[in-house]
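# Structural description and commentary
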Amino acid sequence: MAAQASATAAAAPAWRQFPFFDVVPVKDVHDLASSPEIFKSAPEISTVASSSSGLLVADIHGSVHILNKDFEAVTGWIAHIGGRVTHMAERRNILVTLGEEDNIRHPLLKIWDLGKIDKKTGSPNLMRSVKVQYGNRPHPVSTIALSASLSHLAIGLGDGTVLLYRHLDQSLFSGSTALNGLPKSRLIHESSPPEPITGLGFKEPSPSDDPSNPNPNKEKDASSFLYLFIVTTNKVLSYQATGKGSGGTPTVVDEIGCGLGCASMDWRKRDMVIARDEAIYVCRTEGRGTCYAYEGHKSSVHTHLNYLVIVSPPFIPSASAASATVRNFVARSANTGSASDITKVTVFDLENKLVGYSGTFTEGVREVMSQWGQIYILSNDGQLSCLQEKPTSAKLDMLYRKSLYLMALNLAKTQRLDESSVADIHRQYGDHLYSKGDYDGAMQQFVQTIGNLQPSYVIRKFLDAQRIHNLVTYLQELHSLGLANSDHTTLLLNTYTKLKDVSRLDTFIKTESKRSDARRHTELPFDLDTAIRVCRQAGYFEHASYLAKKYERHEDYLRIQIEDAENYKDALMYLRRLGAEAAESNLARYGRAMLESLPVETTQLLIDICTSTGSLEMDETPPRPTRQPSAGPGYLAYLALNRAPAAPAPPPPDVISGALVEPAPQKAGPSPRRQESIFDDPREETPCPPTPPVKSRPIPVKRPSPRIYFAHFVDHLDYFVTFLETVALKRWGQSVESSKSPASPVSEPDAQLDEQAEKRDQIAVWNTLLELYLSLPTGESPDSSKVDAMRGKALQLLQSKDLPYDPTHALILCSSRGYTPGLVMLWEKMGMYEDVLRFWMDKDKEGNSPDASHQVVRQLEQYGPENPQLYPLVLRFLTSTPALLSKHTDDISKVLEHIDREKIMPPLGVIQVLSRNGVASVGLVKQWLTTRIKEARDEISTDQQLTNSYRLETKTKLKQVEELSDPEHPRVFHVTRCSSCGGQLDLPSVHFMCNHSYHQRCLHEQETECPNCARAHGVIREIRRTNERLADQHDVFLSEVKDNGFVAVASAFGRGVLNLAKPVDDGVVV
């Protein structure tokens, strides 16, 4: 006995031991001073088993009890009458019991339906009851195994025989009520020589989504079949129960067996665990697996979740034992002096290679139960203890205190903690390694926290220059998982540039996304805007342009090529590929810069944008003319606002010919860019992806207004002329060449274009062209031939009746530029003839033009007949100075004659004009005045005669009225002829007071007025009524006074409007 105790004491585990479990006594709910009532008779308990309905307890009297969590019997019945229950197994609420009964030599197999309770007896429904026998001699049942699907039941006998019931579930649920209706058992193993069966266990098939299944996508492999492990005292065998090749002879897995109760399936139901005195073995269907060294006698082994519970046989403890648990027990019991046997219970975590509990029980261990997620240990004296597992957080704290972070990670995996909890372990492990100076190892742990730990927590730890390589690793992983923001991208790119690691930078910006969003659109693993910005700031223009071009950031690409790399030619070709719409918006920003470097090509591109509705790509370069340099001043005030000093431009085109010629090539200075990039190595250069082709638009697009590009030509006036002329010709078919018919536009304008906007654009183009024609060429000594050519174009423009320019604007331009032909032309077109005459008059006063006065006379002869108001002006001018008077004496006479002939001015007005400056003498107009005075006298005499005749006539009428109105004065009629028919009057006849007589038959009935005088009297009455109405219309009278003045007043007097007597309401006449 002492030797056994010594051997057992030496069997202490070499694994790390932790107090993951607390021993808590389980008391009866009705008597807290004692254990549960059912376990007080522990020696009578024959077997226990876990089930989904509760804890199953069977005794030697053949009874089975189902216990709840308070260990009170919920249901109990006699399963085997007059015998005892030896084995139990439950699956899917179906209970299988094996036991002995009186008068029956062989073991009896019974199957119960725990879901159906008989209300009369209180026992479950008995579904099947058969004898277990093979041969004539009875053998006891040593162990049983029931598959999870109830399809197979294996029974091991003491003589080494294994019986297998197949398709058990089909038999149970077939609807048959016969108690013996079970399929015939099949002998699958028979030991020779006989070896008792000490353990059975089914290896369940792995589901397709089981992570332990190595081949989830294959049709059928070994993991998809059901296997039965058979354990004897000397070996372990494997039997294939289902699938192709099933039903054969069991194959030997290991030549090492175990005692009864020392074999159990692991918690995943995948492998068989064998507990022997020297070690713990794990057997698989293909052979022995992992072996765990743990020496010592073992009486039983049980599985609980991921733990393995090993119970040792009773032994005498020793103070020299290798197990600290035994030594501690001896130390505690030294004072009592007792030397009783103890039983040791050890809970192993095989996957994490640790001991979660190790304790001793003085009264021995009768049963170990795994139910409701707890381990229950029943002692021989009926005491029930619960091994309560501590929370995972408490277990992790124990490992943290001992810096066992790897073990903590393994434990978290076993406990199936969530991702955030595992990440917290990695964080603490990383902090631990960081404090120890292992920065590489710490970063490996911090990388595992991405997605659960704030990146700033890690980044702040590695901002030191010596740890920048670790920071790069973290940032790269952050981007690869798609969790980086713009700040992280900035930091990573800055680290690349600081380390000058161009190869990693190239790899980074070319990395395609490993993730996709909910819409399944591929995304970059970094912030594109930030990457482009940082590469630009660091001088890596090739990388920035690569990203911008590949991911169609057109504005960024052009900004890099123009502002940074100064690669204007590539930018211009890129704009052509983009199409008119994108090129329009970008040229509005970069047009001036591109004109500074490539004026010819840029001008042509602008022309194409404003005139074309299709693709802008060119098959061949158009011809380009040569033009002398020009540095003219600003032509419009708004073009010169906010201008930076312009760099010298290449020779502009010849604006006279209208064609474009390639200027002489210029040497471009080196662009400020990095040279370390792999883009600079032709052998390793990776070309940028081509720009996606722009699809042709079936519907013509609206062409942009040329006015948005005017400001770009502020320092390129010659190219400006070419641009405007070409746009006007191609877009609207307009040209200053009046001798030619207008050219047809290249493409018809879209019908939906705003006609008013187009009209405004045309006016703006021709207004600007006129200003350029009057300004170019510039310089100290411009070529006179070219000056004449430009002025000639300006005159043609002004003379054109089809070109839509603004006359007022043109008038201001010609005046400010001193272009006399244009001024005269515009005044003539606008009907401003007086301004033409005044212009020549001013020229004469200046004395610079000796022929100015003759121009005044010629212009008067041209415009005077239709504009008589010009004659007084010219007369005043010709008599303003003695020189003009002596030079144009004959012209003055002609003017006076025309004035007199056309009655333009009265003689008094002429005298007033001539007498203003005292230059003209009376002798100059003596003859003219004599003639006018004579004519006036004749006119006065005629008017006096006419007045006298009116007076006589009035006097006669008044006398006649007086006679007619005198009732006492008789009237004698001497008329003998009818005034109507002209015949001789006869009776009856009618005489009127107006001396008209008529036959009565010549008058209409009821006619009381002389027919001959009625019409004249009617006209007079209508005139009087009209005058009466006009007397009340004061606004009409005032408007006539404003227009004619004295004439209107005299006419009103003549019509009697002003002296008309009107009656009022009270009868008084005023």
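Residues numbered from 1 in each chain as written. Predicted model: local features only at pLDDT ≥ 70, side-chain atom pairs only at ≥ 80, totals over all residues. Heavy atoms only, no water.

### What to know about the packing of aromatic side chains
This structure, assessed with the given rule, holds 25 aromatic pairs. Joined through ring pairs, the aromatic side chains of Tyr 434, Tyr 439, Phe 446, Tyr 457 and Phe 462 make up one cluster. Above the face of the Phe 20 ring, Lys 395 is positioned so that its terminal group lies 5.5 Å from the ring centre. (Phe/Tyr/Trp six-rings, centres within 6.5 Å; stacked < 30°, edge-to-face > 60°. Lys NZ or Arg CZ within 6 Å of the ring centre and 35° of its normal.)

### Focus on the UniProt feature "domain: RING-type" (unreviewed entry) in the protein chain
The sites that carry the UniProt feature "domain: RING-type" (unreviewed entry) are, in the present numbering, residues 978-1013. The distance separating the terminal C-alpha atoms of residues 978-1013 is 15 Å; by composition the span is 8% helix and 17% strand. (UniProt positions renumbered as here; feature names shortened; annotations may be inferred. Helix = DSSP H or I, 4+ residues; strand = E, 2+ residues; numbered from the N terminus.)

### Quick notes on a negative patch on the surface
Negative charge collects at one region of the surface, where Glu 962, Glu 963, Asp 966 and Glu 968 lie side by side. Tracing the sequence through the fold places Glu 968 in the loop between α29 (926-965) and β30 (989-991). (Patch = residues over 30% accessible without salt bridge, like charges linked within 9 Å, V, L, I, M, F, W, Y side chains within 5 Å. Areas by Shrake-Rupley, 256 points an atom, 1.4 Å probe, with all protein chains shown as cover. Salt bridge = Lys/Arg side-chain N within 4 Å of Asp/Glu carboxyl O. Lys, Arg positive; Asp, Glu negative; His and termini not counted. Charge placed at Lys NZ, Arg CZ, Asp CG, Glu CD.)

### Quick word on the side chain of Ser 385
Here Ser 385 is to be found in strand β29 (residues 384-389). For Ser 385, a relative accessible area of 11% puts it in the buried group. Those residues in contact with Ser 385 that sit more than four places away from it in its chain are Val 23, Val 24, Pro 25, Val 26, Phe 361, Ile 375, Tyr 376 and Ile 377. (Buried < 20%, exposed > 50% of the residue type's maximum accessible area, 1.4 Å probe, protein only. Contact = heavy atoms within 4.5 Å.)

### Topic: the pairing of strand β21 (residues 279-284)
Of all six residues making up β21, five are buried, and the element is well covered by its neighbours. Pairing of strand β20 (residues 272-275) with β21 involves four bridges; the strand directions are antiparallel. Note that in β21 the partner of Val 273 across the bridge is Val 282. Here β20 folds back onto β21 in antiparallel fashion, the turn holding three residues. Counted along the chain from β21 to the antiparallel partner strand β22 (residues 287-293), the turn is two residues long. (Pairing = 2+ DSSP bridges.)

### Focus: the packing of helix α25 (residues 870-878) against helix α27 (residues 889-901)
One can describe the packing of α25 onto α27 by two numbers: an axis separation of 10 Å at closest approach and a directional angle of 150°. Regarding the angle of α25 to α27, the classification is roughly antiparallel. As for the relative orientation of α25 and α27, their crossing is left-handed in sense. Packed against α25, whose contacting residues are Tyr 871, Leu 875 and Leu 878, the element α27 presents Asp 891, Ile 892, Val 895, Leu 896, His 898 and Ile 899 at the interface. Looking at the contact of α25 with α27 residue by residue, the class counts come to seven nonpolar, one polar and one charged. (Axes fitted to C-alpha atoms, helices over the stretch in contact; angles between N-to-C directions. Parallel < 35°, antiparallel > 145°, perpendicular 65-115°, else oblique. Left-handed = near helix turned anticlockwise from the far one by under 90°. Nonpolar A, V, L, I, M, F, W, Y, C, P; charged D, E, K, R; others polar.)

### As for the nonpolar core
Counting residues in hydrophobic clusters, the biggest one holds 159 residues, and the most contacted among them are Leu 399, Tyr 474, Phe 723, Leu 798 and Leu 875. The element that contributes the greatest number of residues to this core is helix α18 (residues 717-732), accounting for nine residues. Looking at this core, you find at least three residues from each of domain 1 (433-610) and domain 2 (848-920). Beyond its immediate sequence surroundings of up to four residues, Leu 875 is in contact with Ile 892, Val 895, Leu 896, Ile 899, Val 910, Val 913 and Leu 914. Met 272, Val 273, Val 282 and Phe 348 belong to the second largest nonpolar core, which has 27 residues in total. (Core = buried A, V, L, I, M, F, W, Y, C linked by side-chain atoms within 4.5 Å. Domains from an automatic or database assignment.)

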